[in-house]
Amino acid sequence: MDINLIFKIAGLGIFISIINIVLIQANKEEQAQMLTLVGVIIVLMVVIQLINQLFTDVRSVFGF
Amino acid sequence: MIVFKIVGLAIISSILIIIIKQKIPEIAFLLSLVTGLFILILIISQVGEVVRLIKKLVEKAGIDIMYFNTIMKIVGIAYIGEFGAEITRDAGENALATKIEMAVKIIILFLAIPIMISLIETIIELIPRF
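Analysis parameters
Residue indices begin from 1 for each chain and proceed along its sequence in written order. All chains are assigned letters beginning at A, and all ligands numbers beginning at 1, according to the order in which they are written. This being a predicted model, a pLDDT of at least 70 is required before a residue's local features are given, and a value of 80 or more before pairs of side-chain atoms are given or counted; all residues contribute to the totals for chains, interfaces and linings. With hydrogens and water stripped out, all remaining heavy atoms of the structure feed into the side-chain values. We count a stretch as a helix when DSSP gives it H or I for four or more residues in a row; a strand needs E for two or more, and each element gets its number in order from the N terminus. Throughout, a residue-residue contact means that at least one pair of heavy atoms, one from each residue, lies within 4.5 Å. Computed with a 1.4 Å rolling probe, the buried area is the accessible surface lost when two parts are put together, summed over both parts. Between Lys or Arg on one side and Asp or Glu on the other, a salt bridge is scored when a side-chain nitrogen of the former is within 4 Å of a carboxyl oxygen of the latter. Within 3.5 Å is the distance limit for a polar contact, defined as a pair of N or O atoms, with the added protein rule that one can donate a hydrogen and the other accept it, and that residues adjacent in sequence qualify only through two side-chain atoms. Categorising residues by exposure relies on relative accessible area from a 1.4 Å probe, with only protein chains included: less than 20% of the type maximum marks a residue as buried, more than 50% marks it as exposed, and the intermediate range marks it as partly exposed. Any residue with relative accessible area above 30% and no salt bridge may belong to a patch, with like charges joined within 9 Å and the nonpolar Val, Leu, Ile, Met, Phe, Trp and Tyr side chains within 5 Å. Surface exposure here means Shrake-Rupley accessible area, sampled with a 1.4 Å probe, where a residue is shielded only by the protein chains that are shown.

Student: Got a sec to walk through the environment of Val-47 of chain B? Specific residues and values, please.
Tutor: Relative to the helices and strands, Val-47 of chain B resides in helix 2 (residues 25-61). Each residue touching Val-47 of chain B, except ones within four places of it in the same chain, is listed here: Val-61 and Phe-62 of chain A.

Student: Quick rundown of the interface of chain A and chain B? Include the residues and the values.
Tutor: Often the size quoted for an interface is simply the accessible area lost on bringing the parts together. On the side of chain B, 32 residues touch chain A, which itself brings 31 residues to the contact. Taken together, both faces of the contact between chain A and chain B bury some 2900 Å²; the carbon and sulfur share is 93%. The largest contributions to the chain A side of the interface with chain B come from Ile-6, Leu-54 and Phe-62 of chain A, which together make up 25% of the buried area. One can count zero salt bridges joining chain A with chain B. Across the contact surface, chain A and chain B share zero residue pairs in polar contact (both at pLDDT 80 or more). Of all the secondary-structure elements, those providing two or more residues to the side of chain A that touches chain B are helix 1 (4-25) and helix 2 (29-62) of chain A. Here the side of chain A that touches chain B gets 15 residues from one element, more than from any other, and that element is helix 2 of chain A.

Student: Break down the pattern of salt bridges for me, with residues and values.
Tutor: All names here are of chain B. This model, assessed by the stated rule, comprises three salt bridges over all chains. Between Glu-49 and Arg-52 there is a salt bridge, with its nearest N and O atoms 3.1 Å apart. With Glu-49 and Arg-52 both in helix 2 and three residues apart, this pair spans about one turn of that helix. On the basis of relative accessible area, Arg-52 is assigned to the exposed category, the value being 51%. Between Arg-89 and Glu-101 there is a salt bridge; the shortest N-O distance is 3.4 Å. With Arg-89 in helix 3 (residues 65-90) and Glu-101 in helix 4 (residues 94-126), this pair connects stretches of sequence that are twelve residues apart. Three or more residues joined by partner-sharing salt bridges are found here, namely Glu-86, Arg-89 and Glu-101.

Student: If you had to explain a nonpolar patch on the surface to someone new, which residues and values would you point to?
Tutor: A cluster of nonpolar side chains, namely Ile-14, Ile-18 and Val-22 of chain A together with Met-1, Val-3, Phe-4, Val-7, Ile-11, Ile-15 and Ile-19 of chain B, defines an oily patch on the protein surface of about 990 Å² accessible area. Of all the elements in the fold, those that place two or more residues in the nonpolar patch are helix 1 of chain A together with helix 1 (2-21) of chain B. Among the elements that take part in the nonpolar patch, helix 1 of chain B stands out by supplying six residues, more than any other. Tracing the backbone shows Ile-15 of chain B in helix 1. On the basis of relative accessibility, which here comes to 48%, the residue Ile-15 of chain B falls in the partly exposed class.

So this is what it looks like as structure tokens:
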């Protein structure tokens, strides 16, 4: 459990939004879309681990 | 104190979500999901303490432990189901959220059948036969 994870995800989001603006200004909308997709996948990796941790904790607490 | 941790975490992450939401709503949604997961994981240890206390009381009172286990399972299913329904509703999928809630209700009903049957048997024993 570390709170830094939230700041990491927020930083990633702000970084991707800035790069997106640059790419759209350079008329590269497809690559901006790809960048957003990659960012979502990276965050999804973390989210899946957290969901797994929550399910394991609930299972151990309530005795499934 | 865990309450300061949770409230501070929620306020900071909602500010960050407002900043990110204008440009990339997908990552803003994931950030809110992660914050919710953090809060639930932080609070589950306290829930465990409460469950342990109730279990001790149940053992002292001499009630059948099977009923306690079933009730705790139902509480866990409601915990997970409510979380999933809220997340899907947050993502704008109201239909999915309603279906999750329906599935959780059916699972709870299924788990409650043994308790219901034992209750009905007790009532039938109480009725005098003519």
